[in-house]
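Survey of secondary and tertiary structure
Below are the chains, spelled out letter by letter.
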Amino acid sequence: MNLIALPAFTDNYIWMLHDGTRALVVDPGEAGPVEAALDALHLTLAAILVTHHHGDHVGGVDALRARLRGPVYGPRRERIPPPYEALDDGACIEVLGLDFEVIDVPGHTAGHIAYFHAGPGSSAPILFCGDTLFSGGCGRLFEGTPEQMHASLSRLAALPGDTRVCCAHEYTLANLRFARAVEPGNDALDRYSAWCEATRARAEPTLPSSIARERAINPFLRCAEPEVQRSAAAHGAASDAGSAVFAALRQWKNEFR
Ligand SMILES: [Zn+2]
């Protein structure tokens, strides 16, 4: 299995997983990059997986239907271009011979879902998390509450450490500037920042990340760490409760420049 990040728009990635013959894509906000990859690699499009309803994630779905030889999957509780197979939390789908479990992750949008492949059949677990978890950060709360997003991120943080985390945007460097303001004493964060700076200087993706890495460097997954709690308290956190720390961090990040 080959996992590829197809750049789209200015900072989106459309994730493609293929076995040399058939491919799935996740959140095709535009069709062009997908069509070009299918042509270049001589692949059949076997399925489209959608995580949430935003236009930069679904805008290419209808244009790809002519080449699609399988279903479009998406969250039941959101408005996805029909027809599609509506999925609920805990659902299991099989694509390219791999099982994917559906995880409800409300917060960025009300019905946002993620797709998790635990293995076997590929070299490591895979998570397609849309705009819920980014490397070093998380999605903005357009439709959900801090409590919901904190719970959603906690579910993702509990996945196996070697899970490859396929985020839908290249926001890593901006996220890490904020993360270092939250945790100036985190050495792993400093080392990862240096690696990401060098990687982006070569115009390469910083993704996929891993759950183990995000647990080590992402402040939004580290709300129980004393340094994160102290920084959050200095920015209005009402208590050291996880959701209170998370809410203060998210608000601080919204205003961070
Ligand atoms: Zn979004």
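Residues numbered from 1 in each chain as written. Predicted model: local features only at pLDDT ≥ 70, side-chain atom pairs only at ≥ 80, totals over all residues. Heavy atoms only, no water.

**What to know about the packing of helix 8 (residues 226–234) against helix 9 (residues 242–255)**
Where helix 8 contacts helix 9, the two axes come as close as 9 Å, and the packing angle between them is 60°. Considering their axes alone, helix 8 and helix 9 lie oblique with respect to each other. For the element pair helix 8 and helix 9, the recorded crossing hand is left-handed. Two secondary-structure elements touch here, helix 8 through Val228, Gln229, Ser231 and Ala232 and helix 9 through Val245, Ala248, Leu249 and Trp252. Residue classes in the contact of helix 8 with helix 9 are distributed as six nonpolar, two polar and no charged. (Axes fitted to C-alpha atoms, helices over the stretch in contact; angles between N-to-C directions. Helix = DSSP H or I, 4+ residues; strand = E, 2+ residues; numbered from the N terminus. Parallel < 35°, antiparallel > 145°, perpendicular 65-115°, else oblique. Left-handed = near helix turned anticlockwise from the far one by under 90°. Contact = heavy atoms within 4.5 Å. Nonpolar A, V, L, I, M, F, W, Y, C, P; charged D, E, K, R; others polar.)

**Some words on unusual backbone geometry**
The omega torsion of the bond from Pro82 to Pro83 falls at -5°, within 30 degrees of zero and hence cis. Even without being a glycine, Asp27 presents a positive backbone phi close to 55°. Structurally, Asp27 is set in the loop between strand 3 (22–26) and helix 1 (32–41). The backbone phi angle of Leu96 is positive, close to 55°, even though this residue is not glycine. Within the secondary structure layout, Leu96 lies in the loop between strand 7 (92–95) and strand 8 (98–104).

**Overview of the layout of surface pockets**
In this structure, the largest pocket occupies an estimated 370 Å³ of space. Every element with two or more residues in the lining of the largest pocket is listed here: helix 2 (55–58), helix 5 (172–182) and helix 9. Looking at the lining of the largest pocket element by element, the count peaks at three residues for helix 5. Per-class residue counts for the lining of the largest pocket are six nonpolar, six polar and seven charged. (1 Å grid on protein atoms, 1.4 Å probe; cavity = no way out; pocket = protein on both sides within 12 Å on 5 of 7 lines; lining within 4 Å. Points joined across faces, edges and corners; volume = space filled by probe spheres on them.)

**Notes on the sheet that holds strand 4 (residues 44–49)**
Spatially, the six strands line up as an open sheet ordered 1-2-3-4-5-6, and their pairing is mixed. Sheet topology places strand 1 (2–8) and strand 6 (85–87) at the edges, where each strand pairs with a single neighbour. If you compare each strand with its neighbour and ignore which way they point, the axes differ by 25° on average. Bridge count between strand 3 and strand 4: five bridges; the pairing is parallel. Note that in strand 4 the partner of Ala23 across the bridge is Leu45. (Pairing = 2+ DSSP bridges.)

**Examining the coordination of the zinc ion**
Taken together, the protein ligands of the zinc ion are His52 (NE2), His54 (ND1), His108 (NE2) and Asp131 (OD), with distances of 2.2 to 2.3 Å. What the four donor atoms of the zinc ion show is an angle range of 91 to 167° at the metal, which sorts the shape as irregular. Within one chain, the residues donating to the zinc ion are spaced in sequence as H-x1-H-x53-H-x22-D. Here His54, found in the loop between strand 4 and helix 2, pairs with Asp131, found in the loop between strand 10 (126–130) and strand 11 (133–134); they are 77 residues apart in sequence, far enough to count as distant. Per residue, the accessibility class of His54 equals that of Asp131, and both read buried. (Donors = N, O, S within 2.8 Å, 3.2 Å for Na, K, Ca; no water. Tetrahedral: all angles 85-135°; square planar, octahedral: opposite > 155°, others 65-115°. Buried < 20%, exposed > 50% of the residue type's maximum accessible area, 1.4 Å probe, protein only.)

**Examining the sheet that holds strand 8**
As summarised here, the arrangement of the six strands in space is 7-8-9-10-13-14, forming an open sheet in which the pairing is mixed. A strand with exactly one partner marks an edge of an open sheet, and here the two such strands are strand 7 and strand 14 (209–210). Here helix 4 (residues 146–157) sits on the sheet in contact with strand 8, strand 9 (113–117) and strand 10, set at roughly 155° to strand 8.

**Re empty space enclosed by the protein**
Counted by the stated rule, this structure contains one cavity of 30 Å³ or more. Considering only enclosed or pocket space, the largest cavity measures out at about 40 Å³ in volume. Residue lining of the largest cavity: Tyr13, Trp15, Val26, Asp27, Phe128, Cys129, Gly130, Cys166 and Ala168, and that is the complete set. Looking at the lining of the largest cavity, the elements that each hand over two or more residues are strand 2 (12–18) and strand 10. Ranked by the residues each element gives to the lining of the largest cavity, the list is headed by strand 10, at three residues. Residue composition of the lining of the largest cavity, grouped by class: seven nonpolar, one polar and one charged.

Honestly, that's just the spatial picture; any functional story needs more than this.
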